[in-house]
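Topology and contacts: notes
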Amino acid sequence: MTPAQQLRRDIETCELPHPMFMEHLTSLKQRVDDAIAGFAPKIVRVPGPSGVGKSSLIARLSRDYPERRNDGRRNVPVLVVEVPQSATAKLLPKSVLRALGIQVPGSMTAGAMFDLMVAQLRLAGTRVVIFDEISHLVDEGSRVPPRAASDWLKTLADTLDMTLILFGIPRLERLFSANEQLRRRACPARNFLPYDASDTQQMTAYLSCVATYAHLFSAAGYPIDVSHRVLTQQSYLLTGGLIGVLADFMRELARSMANEAPRAVTYADCQRTLEDVSHAGSPHKLAFQDSGIAEVGVEPAALRQAYVHVLTSNAASIPVRKKSGDKP
């Protein structure tokens with residue numbers, strides 16, 4: 001393996017146990033452990049912008065609670081279900097059955113498919129179902145009214161006495177605003193937000209993620225020849241605090257070195273990489289657009305604007321910042 005290939009492998013396999021990710025992972029694993037141990041079930045929802053790291057959370061939970069065989073019998077304690085776009089009452093149980101590896105005939109009625117789904121989940125010993133992209137149920141033009149979709153989720157949880165974990169963009173809140181019974185069975189939303197540059201502790205966590213990637217580049221023989229301060233601030237303009245977008249930028253930056261012998265990665269390399277990365281921050285202040293020579297820092301207002309743009313473009317509420325005199 002060449003140094004460039006090793007760099008790409010190191011970057012693509014890097015898992016960042018950053019504080020916000022670990023906070024959510026720890027809480028969700030406690031819920032999963034409770035469900036598997038037979039304690040009272042709960043409905044948990046994790047709304048967050050695209051690119052914040054929801055998929056990484058789901059992948060980690062799936063890996064930590066794998067399917068097993070007990071005396072030859074299949075056991076799927078945690079099942080991950082991808083909710084398709086334009087889902088219908090019939091497609092929902094079909095999606096669950098597909099996640100279990102079971103194909104069903106198209107002629108089956110919605111009621112029969114629901115009963116089959118319940119029977120198969122019981123046979124698999126499933127105690128937790130994770131729905132990825134549950135917000136598809138309340139997309140504009142969805143064929144399932146929010147009340148009907150939330151009733152379906154409530155019925156599933158009640159019928160099997162199981163825990164549901166719902167992931168999606170903030171629009172998923174419509175499911176809960178449409179159904180007081182679903183709200184009563186659920187925890188308050190666990191909002192998975194990007195790192196806020198105006199919060200010193202959060203920006204320190206973001207900085208540590210950038211430092212981890214920079215170390216991997218250096219270790220592979222491709223040190224990033226950009227000051228850590230500039231790299232952190234410019235990448236924040238790109239990501240608005242979304243670690244998923246930061247990871248995408250670093251993967252593409254490593255990819256750009258594919259035909260290069262070990263050398264320093266320059267500011268110009270970072271600029272060229274932006275051609276392959278979607279800009280998540282504010283369009284009014286783009287990343288890596290200056291010469292990269294001056295060490296003049298990015299204005300705090302511009303960093304804040306990148307963060308706010310990520311939230312507003314994902315229909316997420318902007319957290320109220322505590323004033324210096326407020327109690328924590």
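Residues numbered from 1 in each chain as written. Predicted model: local features only at pLDDT ≥ 70, side-chain atom pairs only at ≥ 80, totals over all residues. Heavy atoms only, no water.

**Topic: the packing of aromatic side chains**
Here is the rule: Stacked, edge-to-face and tilted labels apply to pairs of Phe, Tyr and Trp rings (six-membered ring for Trp) whose centres lie within 6.5 Å, assigned for plane angles under 30 degrees, over 60, and everything in between, in that order. Only DSSP runs of H or I with at least four residues qualify as helices, and only runs of E with at least two residues qualify as strands; both kinds are numbered from the N terminus onward. For each residue, the accessible area found with a 1.4 Å probe, counting protein chains only, is set against the maximum for its type, and the residue is called buried under 20%, exposed over 50%, and partly exposed in between.
Taken as a whole and judged by the stated rule, the model has 5 aromatic pairs. A ring pair is formed by Tyr206 and Tyr236, whose centres lie 5.2 Å apart and whose planes are at 80°; its orientation type is edge-to-face. Of this pair, Tyr206 sits in helix H9 (residues 200-219) while Tyr236 is found in helix H10 (residues 228-239), placing the two residues 30 residues apart along the sequence. The pair formed by Tyr206 and Tyr236 is uniform in burial state, with each residue classed as buried. Ring centres of Tyr267 and Phe288 lie 5.4 Å apart, and the angle between their planes is 65°; on these two criteria the pair is classed as edge-to-face. Of this pair, Tyr267 sits in helix H12 (residues 267-273) while Phe288 is found in the loop between H12 and helix H13 (300-313), placing the two residues 21 residues apart along the sequence.

**Things to note about empty space enclosed by the protein**
We count it as follows: Using a grid of 1 Å spacing that covers the protein atoms alone, one calls a set of points a cavity when a 1.4 Å probe fits there but cannot get out, and a pocket when the set is open and has protein on both sides within 12 Å along at least five of seven lines; lining residues are those with an atom within 4 Å of a point. Grid points are joined across faces, edges and corners, and a volume is the space filled by probe spheres set on the points. Basically, the charged four are Asp, Glu, Lys and Arg, the nonpolar ten are Ala, Val, Leu, Ile, Met, Phe, Trp, Tyr, Cys and Pro, and anything else, Gly included, counts as polar.
Following the criterion strictly, the structure yields 1 cavity of 30 Å³ or more and no others. Its volume calculated, the largest cavity comes out at about 40 Å³. Lining the largest cavity are Lys94, Leu97, Arg98, Ile102, Gln103 and Val104. A breakdown of the residues in the lining of the largest cavity according to their chemical character gives 3 nonpolar, 1 polar and 2 charged.

**Observations concerning the pairing of strand S5 (residues 128-132)**
Working note: regular strand, side chains alternate between the two faces of the sheet. To keep things clear, this is the line we draw: For two strands to count as paired, DSSP must find a minimum of two bridges between them.
Counted residue by residue, S5 has 5 buried out of 5 residues, so it is predominantly covered. Taken together, the 5 bridges between strand S4 (residues 78-82) and S5 define a ladder with parallel strand orientation. If you follow Glu82 over to S5, its bridge partner there is Asp132. Both S5 and strand S6 (residues 163-168) contribute to a ladder of 4 bridges, which runs parallel. Of the residues in S6, the one forming a bridge with Ile130 is Ile165.

**Re the nonpolar core**
As a reminder, the rule being used: Definition of nonpolar core: a set of buried residues of the types Ala, Val, Leu, Ile, Met, Phe, Trp, Tyr and Cys, connected through side-chain atoms within 4.5 Å. Residue contacts are counted whenever heavy atoms from the two residues lie within 4.5 Å of one another.
Core analysis: the largest hydrophobic core is formed by 71 residues, its most contacted members being Ile165, Phe217, Phe249 and Met250. Ranked by residues supplied to this core, first place goes to H9 with 9 residues. Setting aside residues up to four positions removed in sequence, Phe249 forms contacts with Leu238, Cys270, Thr273, Leu274, Val277 and Phe288.

**Brief notes about the pattern of salt bridges**
We count it as follows: A side-chain nitrogen of Lys or Arg and a carboxyl oxygen of Asp or Glu constitute a salt bridge if their distance falls within 4 Å.
Considering all chains together, one arrives at 17 salt bridges under this definition. Measuring nitrogen to oxygen at the nearest pair gives 3.8 Å for the salt bridge that ties Arg190 to Glu23. One end of the pair, Arg190, is in the loop between helix H8 (180-184) and H9; the other, Glu23, is in helix H2 (residues 19-36), and 167 residues separate them in sequence. The salt bridge partner of Arg304 is Asp196, with a shortest N-O separation of 3.0 Å. You can see Arg304 sitting in helix H13 and its partner Asp196 sitting in the loop between H8 and H9, a full 108 residues away along the chain. Per residue, the accessibility class of Arg304 equals that of Asp196, and both read buried.

**Some remarks on the side chain of Asp196**
Test applied: Whenever two N or O atoms come within 3.5 Å, that pair is a polar contact, provided that in protein one can donate a hydrogen and the other can accept it, and provided that, for residues adjacent in sequence, both atoms are side-chain atoms.
Given a relative accessible area of 6%, Asp196 falls into the buried group. Within the structure, the side chain of Asp196 is placed 3.0 Å from the side chain of Arg304, a separation counted as a polar contact.

It is worth stressing that arrangement in space is one thing and function is another; only the former is reported here.
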